[in-house]
Amino acid sequence: MSDSNELGTIENVRTAEYRAHMEATIQKGICPLCEPDPKINVMICQGVHWAAWHNPFGYDHHHHHIILATREHKTEIGELTPEIWADLGGWVNEINNML
């Protein structure tokens, strides 16, 4: 990935630690959702279309803060196919049952 505008934004980060992580990841040309850093992101499950992991920068007052991201880089919701949307429903149920 070469266009950093397509890799993420740091406008809404909540902490300096999160900002530093996002800046470093994007500067390397890596999408933090397509290629989550295994050193800080604990995967819950992975499938054909989706991956899910605990957000290492989650809110303190939330018991769970799960990230669900498509395995293939997408920047617009309109890029999701009906097959990917259908798969999401199963993922939400599966993750809910795991927690």
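Basis of the calculations
- Residues numbered from 1 in each chain as written.
- Predicted model: local features only at pLDDT ≥ 70, side-chain atom pairs only at ≥ 80, totals over all residues.
- Heavy atoms only, no water.
- Helix = DSSP H or I, 4+ residues; strand = E, 2+ residues; numbered from the N terminus.
- Expected span 1.5 Å × (residues − 1).
- Buried < 20%, exposed > 50% of the residue type's maximum accessible area, 1.4 Å probe, protein only.
- Arc of directions from axis to C-beta.
- Salt bridge = Lys/Arg side-chain N within 4 Å of Asp/Glu carboxyl O.

A. Expanded view of helix 1 (residues 16-27). Taking 1.5 Å per residue, twelve residues should reach 16 Å; helix 1 reaches 16 Å between its end C-alpha atoms and fits that length. Of all the positions in helix 1, only Tyr18, His21, Met22, Thr25 and Ile26 are classed as buried. Looking down the long axis of helix 1, one finds its buried residues gathered within 120° of arc, a one-sided arrangement. Set apart from the buried face of helix 1 by more than 90 degrees, the exposed residues are Ala16, Glu17 and Gln27. Two residues or fewer after helix 1 comes glycine 29, characterised by a positive phi angle close to 80°.

B. View of the pattern of salt bridges. Taken as a whole, this structure holds two salt bridges when the rule is applied. In this structure, arginine 19 engages glutamate 23 in a salt bridge whose closest nitrogen and oxygen atoms are separated by 4.0 Å. In this pair, arginine 19 and glutamate 23 both sit in helix 1, four residues apart, roughly one turn of the helix. Its relative accessible area of 32% is what places glutamate 23 among the partly exposed residues.

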